[in-house]
Each structure stands twice: as structure tokens, then as C-alpha cells.
Amino acid sequence: MPSSQKVNAVFGLISGLVVGAFVAGGLSAVVAYSLMRRTEREVRKGWVLLPVVVAAKPFEPGDKVRFNELAQRQVPEQLLTESVVKTDVAHFLDDQMITAPLSSGDPMYWGLFSSARPGATVPGPRSLGDNTVWEACHAAIIASPTLPRRDRTPEDIRARLTPPEAP
């Protein structure tokens with residue numbers, strides 16, 4: 001009989017170790033999960049997402065922005081400055097001329113719009129040359145050789161590509 005007692009003792013020891021391993025593994029999994037969730041909450045604590053206005057399509061300098069060409073995206077609060085256009089004031093961008101190129105999805109900044117355009121409200125004294133400055137800037141943007149010409153005629157393209165005739 002001593003051998004059956006040894007077998008029972010060994011069997012009890014092995015089964016106890018197996019059950020103990022499963023219980024310890026389960027407890028450690030619960031503790032690890034709770035620690036991971038707490039760390040995740042701490043990391044996210046300062047990253048509140050706020051809506052901002054972005055371009056829904058690419059814009060070129062001189063394009064007028066329409067309200068339906070704008071979109072809204074969520075951006076972390078730490079990455080926002082006063083120059084980013086928030087969604088609650090996006091209606092001010094309607095029918096404004098943009099002064100820099102934008103890709104689709106780029107955030108809208110107040111600095112992309114000139115304050116010297118006609119009808120703009122500029123804080124402080126307004127000079128008499130604002131309209132002429134805006135028109136000169138607009139003419140310079142249109143005359144830029146790097147600006148793609150969407151409204152060129154075939155005659156304009158032929159005249160640019162053909163060499164001048166020798167006298």
C-alpha cells in the first residue's frame with residue numbers, strides 16, 4: 001500500500017501545481033490587463049480631440065474657397081494654435097481667396113487668407129492702398145510661371161512652345 005500512497009501524493013502534488021499555475025496565470029493576466037488600461041488612460045489623458053477645418057480638395061493660390069469644399073477633422077488639442085480655423089467659425093472662409101497652395105486634408109490657417117482684400121476687416125488703421133496691393137498680389141500670382149494654367153487657349157500654348165521667327 002505504500003506505493004499507492006506515493007502515487008496519490010505525487011498525483012496530488014502535480015494536480016496542485018497545475019491548478020496553481022492556472023490560477024496564478026489568470027490572476028497575473030487580470031493584473032497585467034488592468035495595469036495596461038491604466039497606463040493607456042494616463043497616456044490619453046492630455047490628448048483631447050477637437051474638430052478643425054481642413055481642405056476637402058487641393059487648392060491653388062488665387063482659388064476662392066467655398067464652404068462645401070471644406071471638411072472637418074479631429075486633431076489633438078496640444079497640436080492646435082490660435083491660427084488654426086475651428087469649425088465654429090468656418091463660415092468666415094466662404095468666398096475668401098487663398099494665398100498658398102493646399103493639399104486635400106491640410107488644415108486651414110488664418111494666415112492662408114490675405115487681410116488686404118477688399119471688404120476685409122483689418123484691425124487698426126487701414127491704408128488707402130489696400131485694394132491696389134491686393135490687386136497687384138493677385139496679378140503677380142496669376143502671372144507666376146510656376147502656376148499651372150488651366151484657362152490657357154491652344155493659341156497661347158503654341159505661341160509659348162514655338163521659337164520666334166528669325167528676321
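Residues numbered from 1 in each chain as written. Predicted model: local features only at pLDDT ≥ 70, side-chain atom pairs only at ≥ 80, totals over all residues. Heavy atoms only, no water.

1. Looking at the nonpolar core
Phase 1: One finds Ile 98 and Met 108 to be the most contacted residues of the largest nonpolar core, which totals 13 residues.
Phase 2: Counting residues in each nonpolar core, the second largest holds 5 residues, with Val 54, Val 75, Leu 80 and Val 84 among its members. (Core = buried A, V, L, I, M, F, W, Y, C linked by side-chain atoms within 4.5 Å. Buried < 20%, exposed > 50% of the residue type's maximum accessible area, 1.4 Å probe, protein only.)

2. Concerning the pattern of salt bridges
Phase 1: By the definition in use, this model includes 3 salt bridges.
Phase 2: The partner of Asp 95 in a salt bridge is Lys 64, and the shortest N-O contact between them spans 3.9 Å. A residue pair is termed long-range when its members are at least 10 positions apart, and Asp 95 in the loop between strand S3 (70-76) and strand S4 (96-97) and Lys 64 in strand S2 (residues 64-65) qualify at 31 residues.
Phase 3: For Asp 95, the salt bridge goes to Arg 66, with nearest N and O atoms at 2.4 Å. Placement of the pair is Asp 95 in the loop between S3 and S4 and Arg 66 in the loop between S2 and S3, with a sequence separation of 29 residues.
Phase 4: The class for Asp 95 is partly exposed, based on a relative accessible area of 38%.
Phase 5: The class for Arg 66 is partly exposed, based on a relative accessible area of 36%.
Phase 6: Salt bridges linked by common partners bring Lys 64, Arg 66 and Asp 95 together as one network. (Salt bridge = Lys/Arg side-chain N within 4 Å of Asp/Glu carboxyl O. Helix = DSSP H or I, 4+ residues; strand = E, 2+ residues; numbered from the N terminus.)

3. Notes on the packing of aromatic side chains
Phase 1: Applying the stated criterion across every chain yields a total of 0 aromatic pairs.
Phase 2: The positively charged end of Lys 57 is found above the aromatic ring belonging to Phe 59, 4.5 Å away from the centroid. (Phe/Tyr/Trp six-rings, centres within 6.5 Å; stacked < 30°, edge-to-face > 60°. Lys NZ or Arg CZ within 6 Å of the ring centre and 35° of its normal.)

4. Comments concerning the confidence of the model for the protein
Phase 1: Per-residue confidence for the protein gives a mean pLDDT of 80; residues scoring 70 or more make up 80%.
Phase 2: No element of the protein has a lower mean pLDDT than helix H3 (residues 154-161), which averages 69, and none a higher one than strand S1 (residues 49-55), which averages 92.
Phase 3: Counting contacts from residues 116-126, a segment whose pLDDT is below 50, to residues more than four positions away or on other chains yields 15 contacts. (pLDDT = per-residue confidence, 0-100. Contact = heavy atoms within 4.5 Å.)

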